[in-house]
Amino acid sequence: MSSSNTPASASGSGAGTAIAAPLPPQSDPSPSGVSVVGILGHDAIRVGHDLLASIPDDLCRSLPSKRNGKFVIVTDETVAALWLQNVVAAFARAGLTVESGAVLVFVLPPGEVAKTRESKSELEDLLIAKRCDRSTCLIALGGGVVGDLVGYTAASFMRGVPVVQLPTTLLAMVDSSIGGKTGLDTPLGKNPLGAFHQPHRIYLNLRFLESLPDRQLSNGMAEVIKTAAFCDAQFFQWLESNVEHVFARSPAALKHVVLECAAVKARVVTEDEKEITGMRSLLNFGHTIGHAVEALCQPEMLHGEAVSIGMIKEAEIARSLGLLSQANLARLSDCLDAYELPTQYPAARLPLERVMAAMAFDKKNQGGTKSVVLLSGIGSVVTLPNPQNKRIGASQVTDDTIRRVLSSYVQVVPGAVQAPVAPPPSSSATAAATAAAAAATTTTTAATPLVAESVVQVPGSKSISNRVLLLAALGTGTCRIRGLLHSDDTRVMLQALKSLGVHSEFENEGTVLAVRGAEGLLTAPQDDIYLGNAGTAARFLTSVAALVCSAAPTGGTSTARSHVVLTGKPRMKERPNGPLISALVANGASIECLEKPGCLPIRVACAPSAGSGTLRGGDVELAANISSQYVSSLLISAPYTQQPVRLRLVGGEVVSQLYIDMTLALMKDFGVPVAAPVAGSGADPVYQIPTAKYANPPEYAVEGDASSATYPLAIAAVTGKKVTVANVGKLSLQGDAQFCHLLARMGCTVEQTDMTTTVTGPSGIAPRLRALGTVDMGDMTDAFMTLAAVCAIADGVTSIRNIANQRVKECNRILVMLQELTKMGIHVVELEDGLEIHGRPASELHGATIVCHDDHRIAMSFAVLGCVVPNVIISERACVEKTYPEFWDDLTLHLGVGVQAPLSTPESRTPTVDANRQSLAELPIVMVGMRGAGKSTLGAAVAALDSRQFIDLDELIVSTALGGVSILDHVAAHGWESFRRAETQTLRGLLVPFLDGSGATTTTTTATTTTLSSGTSHSKPLLIACGGGVVETEAARQLLAQFGRVVLLHRHTDDVVAYLLSDKTRPTWNEHPSDIYARRLPLYRACSQYEFVISRGDSNWTRIARELHEFVRFISQTDSAAAGSSQLLYPSTQPSWPAAGRLTSLDLIRPNGWLHPTEEIRTPTGFLSLTFADLTEPALTNAFRPIVAQIQLDRARQAQGVLRQDALSRLILPSRDPGSLTGTDILSAICEQGVHAIELRVDLLDCWRDATAVAEQVACLRRITPLGLPIIYTVRSVQHGGKFDGKEADWLRLTLLGIRLGCAYVDVETTWSASARETVLKALSAANTRVIGSYHVPVGWGQVESIESSTPDAAVHLLRRAAPGLSGRVPVHHSAWNALRGRFEEARLGDRAHIVKVIARAGTVEDNYALAQLAASIQACERDVKAKPIPTLTLCMGDAGSLSRATSTMMTPFTHPLLPFKAAPGQLSLPSLHQLRNQIGLLPQQQFVLLGSPIQRSMSPTLHNAAFDAVGLPHRYSLCETSSADVAVQILLGGATLQQEPLEFAGAPVHGASVTIPLKQDLVPHMHSLSKAAEVIGAINTVSCLPAPVGHSAPKWLHGDNTDWLGILHCLARATQWPVSEHLLTKPARSAHGEQPISSSASRTALVLGAGGTARAAMYALAAFGMSTVYVHNRTAANAEQLAADFSWAYKVEVVQDLARDLVQRGVVVNVVLATVPTSAGVTIPDALLEQSTPATPPVVVLDVAYIPPSTALLEQAARHNCTIIRGIDMLIEQGFAQFELWHALPAPRSYIRSVVLDAFERMCEKSSSS
Ligand SMILES: NC(=O)c1ccc[n+]([C@@H]2O[C@H](COP(=O)([O-])OP(=O)(O)OC[C@H]3O[C@@H](n4cnc5c(N)ncnc54)[C@H](O)[C@@H]3O)[C@@H](O)[C@H]2O)c1
C-alpha cells in the first residue's frame, strides 16, 4: 500500500465515519529517501532514515530570525547515552557548538517520573539562568515524555518559543510528537496540565528506532494499530501480514508504518486541531478505558499496552451494542497479539468501581456517560446521534453499558429485556447507530416480557472451520468462507497456511474469509511454523507439510527453505503424533523429530519440484485407535499424493468415528468423494482415496457449533419462547446437534431444516418441562451441563449418565454442577458416572453467585437458568470467550435476555470480606485430628461457650447411617470400607450446602437441607468433630480440602500417644499409635486450612477450650462482629461482653473505628513487639534469669520498706517464692499492661526452620497472653533489619504457617517476589488473617540515590530537603516522591493490604515530619484516585525517630524494658509513648470523677489512678461528692467548677465519671444516649463526656453505661463455673409483662436482695447464665415487683416477701445469693438457704456488693456455712476494669490494679478495725 492511500474506510457510510485522505506526502517515499508531510498548512513533518545531518541547516533556514538564538536540546538519560552525541555533532558540523553556548543540553531522568511540574521548573530555571530569550528554540530529543514536557515549556517560556520535536520512540513518532498537544502529570492524574503548541518541525528520524527495546516498539505499535483500526482497513491488513518485517525493523516497513500514521494524524489535526468537530477525538480509540487501566497498573504497564487492552474493551462495547462483529473484534485482538501487546483485561487487578472512578477523572468524560470511540468495522467508526449533532467523533456511552463490559461478573435478568437491539443485518449504518444509541443509553433492568421469537447465529464449529480452511487452501479457485470460528486454533491454522503461500483475506467486515486455493502447490516458509497449543493444526499440517515443495511455484526466486519445521508450545511438544509420523515416513516422507520421538517439533523435507509432494500414495497403514485426527489428516492430504491411496486403519476400535465422517463429508463438499470403507484383512476398514484436486465451492457456510447452539435452544425451552439457531440444522455433522431431540422429549416443539433448528418451549398456564428419567449423554458430553440446567426446573427426576470423563475437563464439571445447582435450591445427587437432578419449579429456586472455575460451559448453562430465576450472578464473565465470545451480547441483542453488571458486584467488596462476615460466621467449622487430641471434649466445651452447635460425626453416623449400630459392630459385619463410605456420605450431607464457601446465598439452604439425627433442622452454625480416621479415604480428604474450613487439632504426639496407650476402652491397635499419627499427620495437614496447637504437656482443658473458642471465633470471622469496644458505640450496637475495652484485631487498624454519633474519636492502638528466641519453658525463664534475681532482691528490699520506681515495681507477679517464678509468669504480667496486640518476631526465634516448633511457639504465646489477644506474625528479613536470612521459599512457608495458625496479622515485605506475595494473598483471601504490607526504605535506595547519594538515607533526606515551605500535597522532589509512591503502591499489595507500613531511618527529627508528610500526600492522592484508602503507618527508626512513634496512633509497636532487647532502634515503652504524646500535646490530661454520696471511703480513685500510673497515662481521677442529679449534670457538662486537688485539674473539663448511690437511676434521664446494657438495666454507673455534635444544644454529649453488671457477671462466672451465653442478653424487642422467659434450660436459681440500681445490674448479669428462677426480695415490695416485671423476659422471676416462708418452707434451693442493699441494712438470711442441699452439690455462692465496712453480716454468715464468697471489693475491681477499658480503649493493667486496690483496702480495713 502506498502512502497516498486514503486512510479512511468507505464502509462506514451514513453515521459511519469517513476520514478524508491525508495530505499526500511529498518527496521520496522510498525507504532511503526523505518524505515530507504537511500539517496545518505547513510542511513541518520530515520522515527519513538519516535526517540528523540536515536538521541544523534546515532549522537555521526555516528559523531565520533565530539564527542568533540558542538551541536547547532536552533529552533523557537513556537517549542521551545513545544518541545525544550524534545530535550534538550534527549541530557542531553546522558551527553550532555546546562550547560556544549556541547549543545547551538538559538531561532528565528517563521515564514518566520526569513529566512533572518540578522538571519543568528546573528546565525553566536553566533557560533563565542561561539567558535564553525569545530567539531560543527548544529541541525535544526523546520519547513522548520529553516531547510533552518540552512542548509545554516552550508554550509558556517567554510567552512561547519554537519547539522542534525529534522523537526517538515509535510511540512518539507516530503519535505524541504530532499535533501540538503537550502535557504534564501531577500526582492526581496524567496530563491535566498542558497547552496546544504546534512544533515548528517534527523530524521522524527512523534510525533512532534501532536502539529501541522490543517492548517499546510494541508499545508504539499499539498507536499504529489504533490508527489503522479506526480509519484504514487496508493499512490494517498490511499490519496483519507484516509482523515479522516490523519486528525485524526493516527500513521499508518502519518507514511505511511511520509515514502512514504521521499522514493520518496530520490530516486529523489539520481538520480539527483543537478537538472541536469531533474528528480528533477519534484518535482516542482505546484511550478512555486504556487511560484508566494505565492509571491503575502503573508503573508496570506502558501506555501502549494499556491502550491495547482499552481497544479490546472499547471494541467489546461496540460489539455489545450490535455495531461490531465478533469477526472484526477477533481480528483486532489477533493483530494486537501478533505485535506482542496484551489483550486480556487484568480484571483481578482492576476492581470495577476503581476503573470507573479512574475514567471519571478523564477530562472528556461526563457523569453517567463516557466518551468512547465505537468501531463499526476494521477501518471505520460509528458516531451515535448526539445533542451537538457532531457528524463524527467519539460517542457518549452510559456507565451501565461500560460496566457490563468491564465487570467480571454478569447478572442475567429474567424477563428483563428490550426488544432485541441488534439492527437487522440489512439495515443502514444510520439505523444501526440509532439502535445502538438507544441501547447505549439504556440500562437493562426494565421488566418487559421476553421477545416471543428470536433468531441467532452461533459461532462456527471449530472442527469444521479447521477442515474447511485446509481444504480450501489445497483446492482450486477462491472459496469465500462464511461463519468461520475465530479462535486461537483457527488463527494458528490460517497463519500457517499463509506462511505456506496460501493467500487469504477478510471481506465484508471480516465476516467472510476469501481463500485463494493453492491447488496443492504449497511452498516452504522462511521460518519455522509456530502452532502454539493448537492440536488439530499440528496433526493436519504434519501431513500437509509432506506435500510442500521447496521451489517457488511460478518459477520465482527460490529463496525458500528445503524443509518445513512445525513447532509449538511446550505442552504441544508433549502431545503424541507418532502413529501419523510413522505412517507418513513409511509412505516416502522424510520427517525428523527434533526433540522427542513422535512429537513436535518436526522437520519435514520438501519435495524438490513443484507439483508432487514426497508422498507416494498407494497402501498406507495407520493406527486409528488413538486419535481420529491422524486419520483426518491423512484423508485430507491423500488426493495430492503421487498414487491413489488405500488407507487401512489398524489397531482395533477406531476412535471418534463421527469426526472421520465429518472429514469425509467435507471432502465430498470440496469435490473429492470417498466411498465408505471396505473391510480389509482382519476387518480393518480401508478407505480408497483417488488422486485429485479439491474443487473449491465459491462459497462455503461453516455450520454453527452445535454445543454453542444448545444454550439458545435451552433458553427457548425454559422460557417457553421460540428460538431459531440459524446455522445448525438436521444435516449437521456434530454429535451435540442431537440435543434438540432431548428438548422435544421434555415437551418442547422442535422444527429443523437442513441448516436451522427451532425450539419452542412449553407455554400456557404453569407449563412444566418433563424430566427425562435416565439419559445417556455419552455422545453429547459437552451438552450435559445445558441439559442439567434445563432439568433443574423440569417436573421430576433426571439421571444424566455416561459422562464420567467430565470430571477431568476444565474443572470437575460433575461436582461443580452439583454444587452450583445445590446453591440455587436444587437437590442433586452425584452418581458414579453422572448426576441425578430433582427438578423444582423455577419459582421455588433462588439466585446464587455461580462460581464457574473458568469453564465456559458452566457459565453459559447457568445463564439459561438465569433467564427464569432471579438474581443469578455468574462469575468469570470472560470465560465464554473460549468458544462463544459474543454469548452475552447475543443474549441481549438477539434473544432479548437482560444482562447487566450486578448492582453490587462481589468484586466491589473489600477483601476483608466484611460484607460476607455475617454469612461466613454461619458456615460450619470441621475439626480433624488424631483420636485423643481432644476434639470431642473441646468441641463440646467450645460449643457451650458459643452459639455453635456441636456435632460429633461418629455419633451422627451411628444414629443415622448405621441405624444405631455401633461403629465396631458395623465394622465387624461390613468392614472398614463400608464405614468409611458412610462417614464420607454423612459428612458430605452436612457440608454440601456450603461447599463453595461463598456468602449469603448458601446460608438459606442451611436449615432446609441439613437435618440432624433428631430430625430437627439446625439453625446455629455447626462445629463438627470428625473421627481420627476420616482422612483415610481419598473421597473424604477431597471433600474436606474442598470445603475449606477445616481445623487440625494438633496435640503434641507424645501426649496423644500416652493418652491412647492408657485408654483401655479403645480397640487394640494394629499399628502403634505413633506410627498412625506419623502417617496421618501429612494427610490431616493436606486437607485442613487451620491448625490449633495444644502445646506439649498442657492439660488445662478449661483454658484450652477458651483459647480454641477464640480461635474458632477468629477463623469464622465473628471476632469483630462482637467487638467489646462497641460498648462505647451507640445504643443500636451489640451487648458488650465479655471485656469492654478489648479491641479486636480489626479495630486495631481502624483508627476511626470507634464512632459515636458526634464525631470520630481517635484511640491510639499499639502492640508489644517480642524479641525472645524461645517462648517455651525453661528457655523463657532462662531469658529472664537476671530479672528474676532482681525481683528477689527487690522483694528483700521491699521487706525493708524500700520501693523501686521502675517497670519492675508495677509488674505484679505471683506472690509465691520468687525462686520459683517462671519466664511465663513474667511475660504474662508484661502482656497485661496496656497491650492491644502482640508481635511474634518469628525471625528472632531459634527454631524458625522447623514448622512444628514455630507452631508450638504460637501455642505458648497463646497460653502466656490474655485470651484472644491478636497475634501479629512477622518474619523480618535481614534486609529489613530482621534476622531472617532464608530463601524466599522458606519465608513463604513460614508466612503461610502464620495464616494457618490463625494469627491475626501477617507481615508481607514488598521485597519478596510478586509471585510469593500473590501466594500469600491467595491464602489470605479465604482467611480472616489480615495482612500488613511493609516496606522499609533502604539506605541509599534506588533512583533517589542517584540524586542524593551522599546521604545515609537519600530518600528521607530528599524529602526533608523538599518539605520546608511546601504546603499542600506534593511536598517532595518529584523523583523521590514518585519512586516512593511506587513502593507505597507495592506495599498496598494490589489494594489487598489491610495496613501499609512504611519504615525509614531517621537521621534528624525533621525526617519524622518528612516521612509523615510524604505518606499523607500519597494517601491524599490515593483517596482521590482509588476507591479504598488503606490505613498507613509510617515509622522512623533510630533515636531521632521516636517522635514518629508518638505521632503514629495506629498499631504503634512498643517495647518493654524487661524484654531482651528492642525490636527496632528507637522503640519506646508504652508509658514513655504516652508521656511523649502528652508532652507534644497529642494526649492531653483528662479528668475523671466519682459522683454520689457518701463516697469519701471509695476505692475508685485508688483503682483508676493506679491504672494511669501503670500505663503512663497523664490522667487523674478524683471524688466529687453530691447527691443532686442537677449538680452532677452541671459538673459533667463543665458548668460547675470542681474544687479539689490536685490544683492542675481544678476547673479542667471532666471526661468521664463513675456514678454511685444515690444517682445511678437518677442520672439516666440526663444522658443523651445509653449503651444497650444500661438501657435494659435502667441504671448507669459510668458516664463518658463526649464532644457534642454540631447543632447539639448541650456543650457535651453524655453517654451513660453500666459496668456493674460486668463486674457481677465475671465474679459469678468464676465462682460458679457456669458458662456465659452472650446471646441470652438480648431482650426481645416486644417484651411484654408476663411473657414466657427466653431461656430456662438449666436448673439455676438465684436470690437477689434489694431492688435498686445495683440489683438491676445483677438481674441483667444473671440473664447471661440462662437462669431458671430468680427470687427477688426487697423491703419495699412494690419496687421488687417492678424489678421482677422488668426482667421477666430473661427468666422466671418471683418476688418473695418472707424468705423463710416462701423459700425455706417450700424447700427451694438457691445456688446464688446476691445482696445489693447498703450494709447498714445488716441483712442476714435464713441459714437453711446457705446450706448445701446435698454434699455433692457445690456450695452456695454469696456476693455482697457492699465493701464498706469490709465485713458484712451476710458474708460472715456465709463464711460460717462454707459458702463461696464474693466480696464487694472484688466486684468493684472487676467492674473497674471494664470502666477503665471503656474510657481509654486500653486493656486494663489488671493485676496491678488489683494488687494496689487490695493493699489499700487491707490498710483501710486495718484502720477501721483498729478505730
Ligand atoms: N502529546 C500527545 O499527543 C501524546 C500522545 C500519546 C502519548 N503521549 C505521552 O507520551 C508519553 C509516553 O511516551 P513514550 O512511550 O515515548 O515514553 P518515554 O518517553 O518514557 O520513552 C520510553 C522509554 O524509552 C527510552 N527511549 C526513548 N527513545 C529510545 C531509543 N531510541 N532507544 C532506546 N531507548 C529509548 C526512554 O528513555 C524511556 O525510558 C506519555 O507520557 C504519554 O502521555 C502524548
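An unreviewed UniProt entry lists the protein chain under the name 3-phosphoshikimate 1-carboxyvinyltransferase, from Capsaspora owczarzaki. Here is the UniProt Pathway (unreviewed entry) comment for the protein chain, exactly as written: "Metabolic intermediate biosynthesis; chorismate biosynthesis; chorismate from D-erythrose 4-phosphate and phosphoenolpyruvate: step 6/7." As its UniProt record puts it under Cofactor (unreviewed entry), the protein chain is described as follows: "Zn(2+)".

When its secondary structure is counted, the protein chain shows 59 helices and 65 strands. When the 1811 residues of the protein chain are sorted by exposure, 60% land in the buried category. Looking at the protein chain alone, contacts between residues at least 24 apart form 76% of all its contacts between residues at least 6 apart. For the protein chain, the exposed surface amounts to about 66,100 Å²; the carbon and sulfur share of it is 52%.

Let us look at the sheet that holds strand S18 (residues 503-507). The strand order across the open sheet built from 4 strands is S18-S19-S17-S28, with neighbouring strands paired in mixed fashion. The open sheet terminates on both sides in strands that have one partner only, identified here as S18 and strand S28 (699-701). When strand polarity is set aside, the average angle formed by the axes of neighbouring strands in this sheet is 20°. Summarising the sheet, strand S17 (residues 478-482) and strand S19 (residues 512-516) pair through 5 bridges and their orientation is antiparallel. From the neighbouring strand, Ile481 faces S19, where its bridge partner is Leu513.

Another point: the site of the ligand. As a matter of local geometry, the ligand sits amid 28 residues, with Asp76, Lys115, Thr168, Thr169 and Ser211 nearest to it. Here a nitrogen atom of the ligand and a side-chain polar atom of Thr168 are 2.7 Å apart. Residue Asn191 places a side-chain N or O atom 3.5 Å away from an oxygen atom belonging to the ligand. Computed on the free molecule, the ligand has an accessible area of 860 Å², of which 90% lies beneath the protein chains in the complex. Of all the secondary-structure elements, those providing two or more residues to the shell around the ligand are helix H2 (77-93), helix H4 (144-156), helix H5 (170-176), strand S9 (189-193) and helix H6 (214-231). The element that contributes the greatest number of residues to the shell around the ligand is H2, accounting for 4 residues. Classifying every residue of the shell around the ligand gives 9 nonpolar, 11 polar and 8 charged.

On to the pairing of strand S43 (residues 1090-1094), then. A regular strand carries its side chains on alternate faces of the sheet. Buried residues dominate S43, accounting for 5 of its 5 residues. The side-chain alternation of S43 yields two buried faces, one formed by Tyr1090, Phe1092 and Ile1094 and the other by Glu1091 and Val1093. Pairing of strand S42 (residues 1046-1051) with S43 involves 5 bridges; the strand directions are parallel. When the bridges of S43 are listed, His1050 appears paired with Val1093.

What follows is about the environment of Ile858. Considering the arrangement of structural elements, one finds Ile858 in helix H26 (residues 856-866). Among the residues examined, Ile858 registers a relative accessible area of 0% and is labelled buried.

We now examine the confidence of the model for the protein chain. With 82% of its residues at a pLDDT of at least 70, the protein chain reaches an overall mean of 82. Here helix H33 (residues 1006-1009) stands out as the least confident element of the protein chain, with mean pLDDT 30; strand S7 (residues 163-167) is the most confident, with 98. Counting contacts from residues 416-429, a segment whose pLDDT is below 50, to residues more than four positions away or on other chains yields 38 contacts. Here residues 1151-1161 is a poorly scored stretch, pLDDT under 50, and it has 31 contacts once near neighbours within four places are set aside; other chains count.

Moving on to the nonpolar core. Among soluble globular proteins, nonpolar side chains are generally buried collectively. Counting residues in each nonpolar core, the largest one holds 133 residues, and the members touching the most others are Phe1184, Leu1227 and Tyr1273. When residues of this core are assigned to their parent elements, the largest contribution, 8 residues, is made by helix H41 (residues 1251-1264). Residues within four places of Phe1184 in sequence aside, it is in contact with Phe1172, Gly1223, Ile1226, Leu1227, Ile1230 and Leu1458. If you look at the next biggest cluster of nonpolar residues, it comprises 113 residues, including Ala90, Val103, Leu141 and Phe235.

Take the side chain of Asp1055 next. Within the fold, Asp1055 resides in helix H35 (residues 1053-1062). For the buried residue Asp1055, which engages in no salt bridge, the nearest side chain bearing the opposite charge is Arg1051, 4.6 Å off. Discounting residues that sit within four places of it in the chain, Asp1055 has contacts with Ser1095, Arg1096, Gly1097 and Asp1098.

A contiguous nonpolar patch, built from Val98, Val105 and Val107 and spanning about 180 Å² of accessible area, is present on the exposed surface. Relative to the assigned elements, Val105 resides in strand S5 (residues 103-108). The class for Val105 is partly exposed, based on a relative accessible area of 30%.

Using the criterion set out here, one finds 24 aromatic pairs in the structure. Between Phe887 and Trp888, the ring centres sit 5.0 Å apart and the planes meet at 75°, which makes this aromatic pair edge-to-face. In this structure, Phe887 and Trp888 share a single accessibility class: buried. One aromatic cluster is present, formed by Phe1488, Phe1508, Tyr1517, Phe1780 and Trp1783 through successive ring pairs. For Lys120, the ring lying beneath its charged end belongs to Tyr152, and the centroid distance is 4.5 Å. When the ring centre of Tyr345 is taken as reference, the NZ or CZ atom of Lys313 above it lies at 5.1 Å.

Further remarks concern the sheet that holds strand S36 (residues 849-850). The mixed open sheet is built from 4 strands, whose spatial order is S36-S37-S15-S38. Since the sheet does not close on itself, it has two edges, and those belong to S36 and strand S38 (898-900), each with one partner. Judged from the 3 bridges that link them, strand S15 (residues 410-413) and strand S37 (residues 872-874) form a sheet pairing that is antiparallel. Residue pairing across strands places Val412 opposite Val872, the latter belonging to S37. Contacting S15, S36 and S37, H26 crosses the sheet at an angle of about 165° to S37.

Relative to the elements of secondary structure, Val631 occurs in helix H20 (residues 628-637). With a relative accessible area of 0%, Val631 lands in the buried category. Here the alpha-carbon distance between Val631 and Pro579, two residues 52 residues apart in the chain, equals 10.0 Å. The residues contacting Val631, other than those within four sequence positions of it, are Leu622, Ala624, Leu647, Leu649 and Ile660.

Three or more residues of helix H51 (residues 1525-1533) are buried, namely Ala1525, Ala1528, Val1529, Ile1531 and Leu1532. Projected down its long axis, H51 shows its buried positions confined to an angular sector of 160°, all on one face. As for H51, its buried residues are in contact with strand S54 (1487-1492), strand S55 (1516-1521), strand S56 (1550-1555), strand S58 (1582-1587) and strand S59 (1596-1601). Two or three places before Asp1526, at the opening of H51, Ser1524 has a side-chain oxygen 3.2 Å from that residue's backbone nitrogen. Following H51 by one or two positions, Gly1534 adopts a phi angle in the positive range, close to 90°.

Residue Leu600 is joined to Pro601 through a cis peptide bond whose omega torsion reads -5°. Cis peptide bonds are those with omega within 30 degrees of zero, and the linkage from Glu1177 to Pro1178 qualifies with 5°. In this structure, Pro1178 sits in the loop between strand S46 (1166-1169) and helix H38 (1179-1183). One non-glycine residue, Glu519, adopts positive backbone phi at about 55°. With respect to the element layout, Glu519 can be found in the loop between S19 and strand S20 (529-530). A positive phi is found at Glu876, a non-glycine position, where the angle reads about 50°. Turning to its location among the elements, Glu876 is positioned in the loop between S37 and helix H27 (887-893).

In this section: the pattern of salt bridges. Enumeration over the complete set of coordinates arrives at 63 salt bridges. With a shortest N-O distance of 2.2 Å, Glu621 and Arg648 are connected by a salt bridge. Taken together, the positions of Glu621 in strand S24 (residues 618-623) and Arg648 in strand S25 (residues 645-650) put the pair 27 residues apart, joining distant regions of the chain. We note a salt bridge from Glu844 to Arg840, for which the minimum N-O separation is 3.2 Å. Accessibility expressed as a relative area gives 43% for Glu844, which makes it partly exposed. The structure contains a network of salt bridges with shared partners spanning Arg1614, Glu1774, Glu1781, Arg1790 and Arg1794.

Another aspect to go through is the side chain of Ser732. You can see Ser732 is positioned in the loop between strand S29 (722-725) and helix H23 (739-745). What makes Ser732 buried here is its relative accessible area of 14%. A distance of 2.3 Å separates polar atoms of two side chains, one belonging to Ser732 and the other to Glu703. Setting aside anything within four residues of it in sequence, one finds Ser732 in contact with Glu703 and Ala737.

The rules behind each value
- By convention here, each chain's residues receive numbers from 1 onward along its written sequence.
- Local features are withheld for residues below a pLDDT of 70 in this predicted model, meaning they are given only at 70 or higher, and side-chain atom pairs are given and counted only at 80 or more; totals for whole chains, interfaces and linings count all residues.
- No hydrogens and no water enter the side-chain calculation; it runs on all heavy atoms of the structure.
- UniProt positions are given in the numbering used here, feature names are shortened, and annotations may be inferred rather than shown by experiment.
- A run of DSSP states H or I qualifies as a helix once it reaches four residues; a run of E qualifies as a strand once it reaches two. Both are numbered from the N-terminal end.
- Only protein chains enter the accessibility calculation, which uses a 1.4 Å probe; a residue whose area is less than 20% of its type maximum is buried, one above 50% is exposed, and one in between is partly exposed.
- Throughout, a residue-residue contact means that at least one pair of heavy atoms, one from each residue, lies within 4.5 Å.
- Calculation of accessible area relied on Shrake-Rupley with a 1.4 Å probe; when residues are assessed, cover is drawn exclusively from the protein chains displayed.
- Strand pairing requires that DSSP identify at least two bridges connecting the strands.
- Orientation is described by lines fitted to C-alpha atoms, with helices fitted over the stretch in contact, and by angles between N-to-C directions that extend from 0 to 180 degrees.
- We define proximity as follows: a residue is near a molecule or strand when any one of its heavy atoms falls within 4 Å of that partner.
- Two N or O atoms form a polar contact when they lie within 3.5 Å of each other; inside protein one atom must be a possible hydrogen donor and the other a possible acceptor, and for residues adjacent in sequence the pair counts only when both atoms belong to side chains.
- Residues were grouped as follows: Ala, Val, Leu, Ile, Met, Phe, Trp, Tyr, Cys and Pro as nonpolar; Asp, Glu, Lys and Arg as charged; and all remaining residues, including Gly, as polar.
- Think of pLDDT as the predictor's per-residue confidence, scored from 0 to 100.
- Residue types Ala, Val, Leu, Ile, Met, Phe, Trp, Tyr and Cys, when buried and joined through side-chain atoms within 4.5 Å, form a set referred to as a nonpolar core.
- Charge counting treats Lys and Arg as positive and Asp and Glu as negative, with His and both chain ends excluded.
- We define a salt bridge as a contact between a side-chain nitrogen of Lys or Arg and a carboxyl oxygen of Asp or Glu at a distance within 4 Å.
- Think of a patch as exposed residues, more than 30% relative accessible area, with no salt bridge, where like charges cluster within 9 Å and nonpolar side chains (Val, Leu, Ile, Met, Phe, Trp, Tyr) cluster within 5 Å.
- Each Phe, Tyr or Trp ring, with Trp reduced to its six-membered ring, pairs with another whose centre is within 6.5 Å; inter-plane angles below 30 degrees give stacked pairs, above 60 give edge-to-face pairs, and intermediate values give tilted ones.
- Counting as a charge over the ring demands two things of the Lys NZ or Arg CZ atom: a distance within 6 Å of the ring centre and an angle within 35 degrees of the ring normal.
- As used here, the arc belongs to the directions running from the helix axis to the C-beta atoms.

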